[in-house]
Amino acid sequence: MNPRNFFAELKRRNVYKVAVAYAVVGWLVMQVAATVVPALHLPDVITSAVVVLTLLGFPIALVLAWAFEMTPEGLKRTENVSPDEVVPQWSRRKFAGLIISLALAAASLLAFQFLRSKSGTSPSTASSMPAPAVTPAPAIPEKSVAVLAFTNLSDDKENEYFSDGISEELGNVIGRVPGLRVSGRNSSFYFKGKNATAQEIGQKLGVAYLVTGSVRKLSEQVRITAQLISAADGFQVWSSEPLTRACKDIFAVQDEIAGLIAQNLKLKLGDTGRVPKTVNPEAHRLLLEGRHFWNLRTQEGFARAEATYTKALEI
C-alpha cells in the first residue's frame, strides 16, 4: 500500500481522532483514580490496575477504529461498508471542544493533587497539626505468671496427655497463690509447639514470668523439672532439681513446685486446702487421659473422655 494512501485511510477511518480522544480520556481516568483512591483509603493496587488497563486498551481502541465503522445501521466491519454509504463524521469543532473540556478536567485534577501533596508536606502545616495520641501499652503486673505446656520426655510419646495434664494441674495449684495472677490454660497452651520467644509470649499473655518444664513417666514413677523464666528478657530466674516421685505422690510434687515458684516470686503460698491423701496412680492417669480427650472438643473426644472418666470413677 502506498504510504500516502495508508495515512489517508487512517484519517478516513477516524483512527487519528480515536487515538487523541483515547489519550485524553485515559489521562482523565488515571487522574480520577489517583485522586479518588487515596481519598477513600482504597488499596494503591487499584490505581496501578487502572493505569495498566488504560495503557493496554490504547492499541485495542486503534485496532477497533481501523476495523469497524459506525453507520446508521450500527457497527459494521469497514470492508462491509460500501463507498457510497453515508457514514456519520465527527464535527471538527465539536470534537475539539470535547477534547479541550476533558483535557481541562484532567489538568484540574492534576493541579489539585499537586497542591494537596504540597500543602500536606508543608512545615507550617505539619507543625500546626496535633501529634497523634499514643496509647500506652497496659502495664504487665510484676506478680503474674503463665504455666506453659510441659515437654513430654517419656519414651512413649502417647504419654503427652500426661505431661499436658501435669502442666494444667500445676497451673491450678499456682493459681491458688494469693496475689498471683495466672494465665488461663487455653491461652498458655496456645503456644505449645510454636517457635515463640519468651518476650513474645509474655506480651501476648500479659505476664511477667513463664513456667516451663518437662515430664518423664517411667512405670510407677514420674520425674518433673520446672523453670521460672523472666518474660522480659528470657533469662532463667530459677530451676528446680529433677523431682522423682512415685505417681501416687504427684499432688505433693505439684505443691512443692508451686511453693518454690511462689518463694522465688517473694509470695507466700496460700492454704490450698489440700488434705494429704494417697492417690491411685491409674485413676489419676485415667483422669488426665480423659481431660485430654475432652479438650479435643469433638464428638469422638467426648465419647472417649466419658469412657475414661467412668473407668477412673470405678477405680
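Reading the values: the criteria
- Throughout, a residue's number is its position along its own chain's written sequence, starting from 1.
- Confidence filtering applies because this is a predicted model: local features only for residues at pLDDT of at least 70, side-chain atom pairs given and counted only at 80 or more, and all residues used for totals across whole chains, interfaces and linings.
- Calculated side-chain values reflect all of the structure's heavy atoms, with hydrogen atoms and water omitted.
- Numbering of helices and strands runs from the N terminus, with a helix taken as a DSSP run of H or I at least four residues long and a strand as a DSSP run of E at least two residues long.
- Three labels apply to residues, based on accessible area from a 1.4 Å probe with only protein chains included: buried if under 20% of the type maximum, exposed if over 50%, partly exposed otherwise in between.
- For accessible areas, the Shrake-Rupley method is used with a probe of radius 1.4 Å. Any residue's cover is judged against the shown protein chains and nothing else.
- Within this analysis, patches are made of residues with over 30% relative accessible area and no salt bridge. Like charges are joined at 9 Å or less; nonpolar side chains (Val, Leu, Ile, Met, Phe, Trp, Tyr) at 5 Å or less.
- The term salt bridge refers to a pairing of a side-chain nitrogen on Lys or Arg with a carboxyl oxygen on Asp or Glu at a separation within 4 Å.
- A residue's pLDDT is the predictor's confidence in that residue, given on a scale from 0 to 100.
- By definition, residues are in contact when any of their heavy atoms lie within 4.5 Å.
- Every angle, taken between N-to-C directions, lies between 0 and 180 degrees, and every axis is a line fitted to C-alpha atoms, over only the stretch in contact when it is a helix.
- Any angle from 65 to 115 degrees is called roughly perpendicular, while one under 35 is roughly parallel, one over 145 is roughly antiparallel, and all others are oblique.
- A clockwise turn of the near helix away from the far one marks a right-handed crossing, whereas an anticlockwise turn of less than a right angle marks a left-handed crossing.
- For Phe, Tyr and Trp, where Trp contributes only its six-membered ring, two rings pair if their centres lie within 6.5 Å, and the inter-plane angle classes them as stacked under 30 degrees, edge-to-face over 60, or tilted in between.
- A ring has a charge above it when a Lys NZ or an Arg CZ is no more than 6 Å from the ring centre and no more than 35 degrees off the ring normal.
- Buried residues of nine kinds, namely Ala, Val, Leu, Ile, Met, Phe, Trp, Tyr and Cys, make up a nonpolar core once their side-chain atoms join them within 4.5 Å.

**Some points on the overall build of the protein**
A count of helices and strands for the protein gives 11 helices and 9 strands. A buried classification covers 37% of the 315 residues belonging to the protein. Accessible area for the protein stands at about 19700 Å²; split by element, carbon and sulfur atoms hold 61% of it.

**Some words on a nonpolar patch on the surface**
Judged by side-chain polarity, Val-32, Val-36, Leu-40, Leu-42, Val-45 and Ile-46 come together as a nonpolar surface patch covering roughly 470 Å² of accessible area. Among the elements of the structure, helix 2 (15-39) and helix 3 (44-67) are those that each provide at least two residues to the nonpolar patch. Mapped onto the secondary structure, Val-36 falls in helix 2. For Val-36, a relative accessible area of 38% translates into the label partly exposed.

**Things to note about the confidence of the model for the protein**
With 71% of its residues at a pLDDT of 70 or more, the protein has an overall mean of 75. Per-element mean pLDDT across the protein ranges from 44 in helix 5 (residues 123-128) up to 91 in helix 8 (residues 198-205). A low-confidence stretch, residues 120-128 (pLDDT under 50), is modelled with 1 contact involving residues beyond four sequence positions or located in other chains. Note on residues 272-276: pLDDT is under 50 here. Beyond four places in sequence and across chains, it has 6 contacts.

**Digging into the pattern of salt bridges**
For the coordinates displayed, the defined rule picks out 4 salt bridges. Taking the shortest distance from any N to any O, the salt bridge between Lys-192 and Asp-164 comes out at 2.6 Å. On the criterion of sequence distance, the pair formed by Lys-192 in the loop between helix 7 (185-189) and helix 8 and Asp-164 in helix 6 (residues 160-174) is long-range, its members being 28 residues apart. Looking at Lys-192, the relative accessible area reads 33%, which means it is partly exposed. Among the salt bridges present, the one from Arg-291 reaches Glu-169, with a minimum N-O distance of 3.8 Å.

**Concerning the packing of helix 6 against helix 9 (residues 250-264)**
How two helices sit against one another is set out by the angle between their axes and by the gap between those axes. Look at helix 6 against helix 9: their axes get within 9 Å of each other, and the N-to-C directions meet at 55°. Considered as vectors, helix 6 and helix 9 are oriented oblique to each other. Two packed elements cross with a definite hand, and for helix 6 against helix 9 that hand is right-handed. Judged by residue contacts, Ile-166, Glu-169, Leu-170, Val-173 and Ile-174 of helix 6 engage Ile-250, Phe-251, Gln-254, Asp-255, Ile-257, Ala-258 and Ile-261 from helix 9.

**Topic: the packing of aromatic side chains**
For the coordinates displayed, the defined rule picks out 3 aromatic pairs. For the ring pair Tyr-190 and Phe-191, a centre distance of 5.2 Å and an interplane angle of 85° mean the geometry is edge-to-face. Exposure remark for Phe-191: the relative accessible area of 12% places this residue in the buried category. In this arrangement the basic side chain of Lys-194 is found over the ring face of Tyr-190, its NZ or CZ atom lying 4.3 Å from the centre.

**Here's the deal with the nonpolar core**
One finds Ile-224 and Ile-257 to be the most contacted residues of the largest nonpolar core, which totals 31 residues. If you list the elements that add at least two residues to this core, you get strand 3 (144-147), helix 6, strand 6 (209-218), strand 7 (221-230) and helix 9. The element best represented in this core is helix 9, accounting for 7 residues. Not counting residues up to four positions away in its chain, the partners in contact with Ile-257 are Leu-170, Ile-224, Ala-226, Trp-238 and Leu-243.

**Structural notes on the packing of helix 6 against helix 10 (residues 281-294)**
Interhelical geometry of helix 6 versus helix 10 gives an angle of 90° and a closest axis separation of 9 Å. One element, helix 6, and the other, helix 10, form an angle in the roughly perpendicular class. Contact with helix 6, carried on its side by Tyr-161, Phe-162, Gly-165, Ile-166, Glu-168 and Glu-169, involves His-284, Arg-285, Leu-287, Leu-288, Glu-289, Arg-291 and His-292 of helix 10 and no other residues of that element.

**Some remarks on unusual backbone geometry**
In this structure, Arg-297 takes a positive phi of about 55° despite not being glycine. Turning to its location among the elements, Arg-297 is positioned in the loop between helix 10 and helix 11 (299-314).

**Examining the environment of Ile-174**
Looking at the secondary structure, you find Ile-174 in helix 6. With 83 residues separating them along the chain, Ile-174 and Ile-257 place their C-alpha atoms 8.8 Å apart. Apart from the residues lying within four places of it in its own chain, the contact partners of Ile-174 are Val-145, Val-147, Leu-180, Val-182, Ala-258 and Ile-261.

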